[in-house]
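Residue-level structural notes
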Amino acid sequence: MHFKHFKHFKHFKQFTKYQKRVSLSTGIGFVLERMDSAFIGLALASIIATLHITKAEGGLIPSITAIGSLFGGIGFGILADKFGRVKTLSWSIFIYALGTAGMGLTNSFFMLCVFRIIIGIGTSGEYGIALTMLSEAFAKKYMGRISSAAGVAGQLGAVLASLLAAFIIPHYGWHLLFFIGILPVILAWFIRFHLPESETFTHNHELAKTSEKIHLGDVWSLFSTPHEAFLSLRIIIMFLIHIAGYTTVMNWLPTIAQERMHVNVASSSIWMVFTIIGMAAGIAVFGYMQDRFGSRLAFGIYLLGSAASVYLLIMAQTKLEFVAAGTIVGFLTDGMYSGYGAVVSSLYPSKNRATANNTIMSIAKTIGTFTPVLIGFIMDVSTITMVVIFMSCCYVVSFVVMMSIKQLKKGHPRYAKNN
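In this report, we go over the structure that sits alongside the text. As the structure is a computational prediction, the values presented were derived from the model and not from experiment. (Residues numbered from 1 in each chain as written. Predicted model: local features only at pLDDT ≥ 70, side-chain atom pairs only at ≥ 80, totals over all residues. Heavy atoms only, no water.)

**Side note on the side chain of Ser392**
Using the following cut-off: Working definition: helices are DSSP H or I runs of at least four residues, strands are E runs of at least two. Numbering for both runs from the N terminus. Buried residues are those whose accessible area, probed at 1.4 Å on protein chains only, stays under 20% of the maximum for their type, while exposed residues exceed 50% and partly exposed ones sit between those limits. Pairing of N or O atoms within 3.5 Å defines a polar contact, subject to two protein rules: one partner must be a possible hydrogen donor and the other a possible acceptor, and residues neighboring in sequence count only if both atoms are side-chain atoms. Note on contacts: a residue pair is in contact if any heavy atoms of the two residues lie within 4.5 Å.
Note on placement: Ser392 falls in helix α18 (residues 384-403). On the basis of relative accessible area, Ser392 is assigned to the buried category, the value being 7%. A polar contact is formed between the side chain of Ser392 and the backbone oxygen of Ala307, at a distance of 2.7 Å. With residues up to four places along the chain from it excluded, the contact list for Ser392 reads Ala307, Val310 and Tyr311.

Take a look at the structure:
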């Protein structure tokens, strides 16, 4: 990847004022969202020990977030298209910040599940709305790299979460870790009062006032015809498998590292830093490949690579090999993260873009984030080998589904229509 390919936006100072604010707010938002996702995985082993619950019950704590994600994601997407991306995003951030802070206030298994639902409502608005804002601030031909930059920023949040967990959990317990979740409120304030709405939204909003044919935030348009429904369903399946793989890595691999490599919480948290660094590198490379070679080739390489690389986790025999395996697995399995948002932003019209992003993300996340429960059950009754086989098969399924989506071919007229 040569730096000359980034010449159109390689200097931040060359961005417009609006582009700078969107980039900063989106990047920071992704940092804080990934911090929350990493917190629950890094603290899960300690929570299980503190509450004296089974691994399957422990897996329910992050998975139940999906209940909030379904309703919050679809609802926030519709609101973002109808009333504004900025206003809606600020409320979503405020909600998930309070939910995360609430995690630190209780030792009740029931209340932890309640707070995870609240967090799900809040975080479900972040991904789709933020990528919609980016797609309306930058030219579509750079969307892969721009969205990947936001994804890389998100991994910085995961690294920060790992470092905080390594220091806080052994000395102060997992409760204090979640109090840090109140920080996103500051970002919500900044976004609400310092970022204007995009020209695209403003234009669509004005058209909707004068035309009954313009329906903003129409969630049913994603499934209005068999053709549209089939397209949306296949993207949902792909994103679902991605979420399943990511939640497995983030929620269970720290625990697996503690048991398989016989390391403590601090060591497993540091190990996760290398996995997350691999994820960040994978996202950066994927964004370039998506813009340069098209979504189909980029997803194909990463999905097949993911299916093969997960076996490294059971081939590793030493701590160093386990670290290397985690880095490679992170590179491939999470590298596609921002690519889904770039695809949706390209395939769906701007009047329903936030709705499409959030609906597809929410449905996929609702199903995919229950994977830790299944993984916990497999670990209770079987071995990590079965977990790896399950993950590998899922990525193969995603590859087959992806290859059936003709709209992902570079130069397909569907891209040109919505760009």
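**A short note on a nonpolar patch on the surface**
Selection criterion: By definition, no residue in a patch forms a salt bridge, and every one has over 30% relative accessible area; like charges are joined within 9 Å, nonpolar side chains (Val, Leu, Ile, Met, Phe, Trp, Tyr) within 5 Å. The Shrake-Rupley method, run with a 1.4 Å probe sphere, supplies the accessible areas, and residue values consider only the shown protein chains as cover. A carboxyl oxygen of Asp or Glu within 4 Å of a side-chain nitrogen of Lys or Arg is what we treat as a salt bridge.
Together, Trp91, Phe94, Leu98, Ile182, Leu183 and Ile186 make up an exposed nonpolar region whose accessible area comes to about 580 Å². If one sorts the elements of the nonpolar patch by residue count, helix α4 (residues 85-103) sits on top with 3 residues. Tracing the backbone through its elements, the reader meets Ile182 in the loop between α7 (174-179) and α8 (184-194).

**What about the packing of helix α1 (residues 17-51) against α8?**
Convention followed: Angles shown run from 0 to 180 degrees and are taken between the N-to-C directions of axes, each axis being a line fitted to C-alpha atoms and, for helices, limited to the stretch in contact. Roughly parallel refers to an angle under 35 degrees, roughly antiparallel to one over 145, roughly perpendicular to one between 65 and 115, and oblique to any angle outside these ranges. The sense of a crossing depends on the near helix, which, turned anticlockwise from the far helix by less than a right angle, makes the crossing left-handed and, turned clockwise, makes it right-handed.
Two numbers describe how α1 lies on α8: the axes approach to 10 Å, and their chain directions differ by 160°. The angle between α1 and α8 falls in the class roughly antiparallel. For the element pair α1 and α8, the recorded crossing hand is left-handed. Note on element contacts: α8 touches α1 through Pro184, Leu187, Ile191 and His194, opposite Arg21, Ser25, Ile28, Gly29 and Leu32.

**Details of the pattern of salt bridges**
Tallied over the full model, the rule gives 3 salt bridges. In this structure, the salt-bridge partner of Asp81 is Arg85, at a minimum N-O distance of 2.7 Å. Across this residue pair, the class does not change: Asp81 and Arg85 are buried. In this structure, Asp291 and Arg145 form a salt bridge, with 2.8 Å as the shortest nitrogen-oxygen distance. Linking Asp291 in helix α11 (residues 265-293) with Arg145 in helix α6 (residues 143-172), this pair joins segments that are 146 residues apart in sequence. For the pair formed by Asp291 and Arg145, the shared burial category is buried. Linked through salt bridges whose partners overlap, the residues forming this network are Asp81, Arg85 and Glu136.

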